[in-house]
Amino acid sequence: MGEAREVMDRLTDAVTTHADLKVLGELYAEDAVAFTPDEGELRGRDAIVEYWRSMTEAVPEATFEVLHSYEAGDTAIDEGVYRGRNTGPLELPNGETLPPTQKEVRIRGVDIATVREGRIVDYRLYFDEMDFLGQLGLLPDESF
């Protein structure tokens, strides 16, 4: 196992099984950049940790089932299923906060992390945001 794989595995653990913002902060370089479907581009460790804080509070007992796991040089890639119940407030990109829905979510996604000197410098997260919002019951009913 290379450095990128080890860091990605620690990231997954710190976001799900053993949610820990301190560990998350240690895993990202100070000038790291992240791209997410719901928040877009995040610049800097603090912004990225804040993103994860919001997610770990919204779905505090989440799990991640790895379906495919790869490492190529300084980059680790995971495809998997994120599962949990929305028992905490959900912060929206516009600054609004929604109360917990108490609904279960199951989101298939892909994480890509590029690591240098033991820290993530570039992180990309892909998941279907509309599927996520639909599972939470936050989309309008489209019946005709």
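This text follows the structure it describes.
Structural notes, computed from the coordinates. Being a predicted model, the structure only gives us computed values, none of them experimental.

Comments concerning helix α1 (residues 3-15)
So, step 1. Helix length check: α1, at 13 residues, gives a terminal C-alpha distance of 18 Å against a target of 18 Å (1.5 Å per residue), a fit within 8%.
So, step 2. Listing the buried residues of α1 in full gives Ala 4, Arg 5, Val 7, Met 8, Leu 11, Thr 12, Ala 14 and Val 15.

Structural notes on the pattern of salt bridges
So, step 1. All chains considered together, the criterion is met by 13 salt bridges.
So, step 2. As a salt-bridge pair, Arg 10 and Glu 6 come within 3.8 Å of each other at their nearest N and O atoms. Of this pair, Arg 10 and Glu 6 both sit in helix α1, four residues apart, roughly one helical turn.
So, step 3. Overall, Arg 10 belongs to the partly exposed group, its relative accessible area being 35%.
So, step 4. With a closest N to O distance of 3.7 Å, Asp 74 and Arg 116 form a salt bridge. Of this pair, Asp 74 sits in the loop between β3 (63-72) and β4 (75-85) while Arg 116 sits in strand β7 (residues 104-116); the two residues are 42 residues apart in sequence, bridging distant segments of the chain.

Points about the pairing of β4
So, step 1. Bridge count for β3 against β4 is nine bridges, and the pairing is antiparallel. Looking at β4, one finds that Ser 69 is bridged to Asp 78.
So, step 2. Count of turn residues in the β3/β4 antiparallel hairpin: two residues, of which Gly 73 carries a positive phi of about 65°.
So, step 3. In this structure, β4 lies alongside β7, joined through 11 bridges in antiparallel fashion. Bridge pairing in β7 links Thr 75 to Thr 114.

Considering the environment of Val 81
So, step 1. Within the secondary structure layout, Val 81 lies in strand β4.
So, step 2. Taking the C-alpha atoms as reference points, Val 81 and Tyr 123, separated by 42 residues in sequence, lie 18 Å from one another.
So, step 3. Those residues within four positions of Val 81 in sequence are excluded, and the remaining contacts are Thr 63, Phe 64, Glu 65, Leu 67, Arg 106, Ile 107 and Arg 108.

The rules behind each value
- As a convention, each chain's residues are numbered from 1 in the sequence order in which they are written.
- Given that this is a predicted model, residues contribute local features only at a pLDDT of at least 70 and side-chain atom pairs are listed and counted only at 80 or more, while totals for whole chains, interfaces and linings are drawn from all residues.
- Heavy atoms throughout the structure, all of them, feed into the side-chain values; hydrogens and water do not.
- Numbering of helices and strands starts at the N terminus; helices are DSSP runs of H or I of at least 4 residues and strands are runs of E of at least 2.
- By this rule, a helix spans an expected 1.5 Å times one less than how many residues it contains.
- Type-normalised accessible area, obtained with a 1.4 Å probe on protein chains alone, sets the label of each residue: buried when under 20%, exposed when over 50%, and partly exposed for intermediate values.
- Basic side-chain nitrogens of Lys or Arg form a salt bridge, by our definition, when they fall within 4 Å of a carboxyl oxygen of Asp or Glu.
- Each pair of strands is called paired provided DSSP finds at least two bridges between the two strands.
- A contact between two residues is defined here by any heavy atoms of the two lying within 4.5 Å.

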